[in-house]
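Coordinate analysis (summary)
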Amino acid sequence: MTLFPIATERLILRKFRPSDAEATAAYQGLAEVARYCMWEPRSLERVRELIPRWIAMDGQGENSEGLQYAVELKASGALIGDVVLMFEDRAARQGQIGYVMSPAFQGQGYTTEAMEAVLAVGFEQVGLHRMSARCDARNTGSWRVMEKLGMRREAYFREHAIFKGEWDQEFVYAILEDEWRAAREVN
């Protein structure tokens, strides 16, 4: 099973390296990036603390949390974001995906391209049955990516939690393995 690196048309999805800390902190440290994330803007020190965990997320072994990828442009090698596939329930073959992209590279199809590759890994190599994703309902770019991936909106939670000092609204999207395979056959 080859989980790293993954090459797409314009991207390389690879394991994080300690040397990625500054480039990662440059976008994860922005308030606009952290706005809809569970975390506050991350400092360089915090990113350095997290990178060993991300490196360990290699999908191997029963205790692996999932797969964490650094996303870089093929053309320049620039780190532009990160994507993740978390193993929620391995026995039930359930996963959850997530993504964070530098604002300078949003709106160009990179997130969709990276996540198409992650869905392929999850369904074809890991053997998952269902993958889901969540986002704040106000994060239009995020839920549009989910829809482009062929995911369907399964839930809309209104005012279900206080998030960063205010009531949030959350969408939950999902796709089943057979839905994903059927969509690939059509394209």
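Residues numbered from 1 in each chain as written. Predicted model: local features only at pLDDT ≥ 70, side-chain atom pairs only at ≥ 80, totals over all residues. Heavy atoms only, no water.

If a probe as big as a water molecule is rolled over the atoms, it shows which places are left empty. Approximately 1400 Å³ is the volume found for the largest pocket. Taken together, 47 residues form the lining of the largest pocket, with Tyr 36, Cys 37, Gly 98, Tyr 99 and Val 100 sitting closest to its centre. Contributing elements (two or more residues each) for the lining of the largest pocket: α2 (31-34), α3 (44-56), β4 (79-89), β5 (94-101), α4 (110-126), β6 (130-136), α5 (140-148) and β8 (166-176). Of the residues in the lining of the largest pocket, the class split is 23 nonpolar, 13 polar and eleven charged. Size it by volume and the second largest pocket reaches roughly 160 Å³. Lining the second largest pocket, in full, are Glu 116, Leu 119, Lys 148, Leu 149, Gly 150, Ile 175, Trp 180, Ala 183, Arg 184 and Asn 187. Of all the secondary structure elements, the ones that give two or more residues to the lining of the second largest pocket are α4 and α6 (177-186). With three residues, the single largest contributor to the lining of the second largest pocket is α6. (1 Å grid on protein atoms, 1.4 Å probe; cavity = no way out; pocket = protein on both sides within 12 Å on 5 of 7 lines; lining within 4 Å. Points joined across faces, edges and corners; volume = space filled by probe spheres on them. Helix = DSSP H or I, 4+ residues; strand = E, 2+ residues; numbered from the N terminus. Nonpolar A, V, L, I, M, F, W, Y, C, P; charged D, E, K, R; others polar.)

Our next topic: the pattern of salt bridges. Per the stated rule, a full pass over the model turns up 18 salt bridges. Of the charged contacts in the structure, one is a salt bridge between Glu 49 and Arg 46, with a shortest N-O distance of 3.0 Å. Placement of both Glu 49 and Arg 46 in helix α3 is noted, with a separation of three residues, approximately one turn of the helix. For Glu 154, the salt bridge is made with Arg 152, and the minimal N-O distance between the two is 2.3 Å. Overall, Glu 154 belongs to the partly exposed group, its relative accessible area being 39%. Residues joined by salt bridges that share partners form a network here, namely Arg 14, Arg 17, Asp 20 and Glu 72. (Salt bridge = Lys/Arg side-chain N within 4 Å of Asp/Glu carboxyl O. Buried < 20%, exposed > 50% of the residue type's maximum accessible area, 1.4 Å probe, protein only.)

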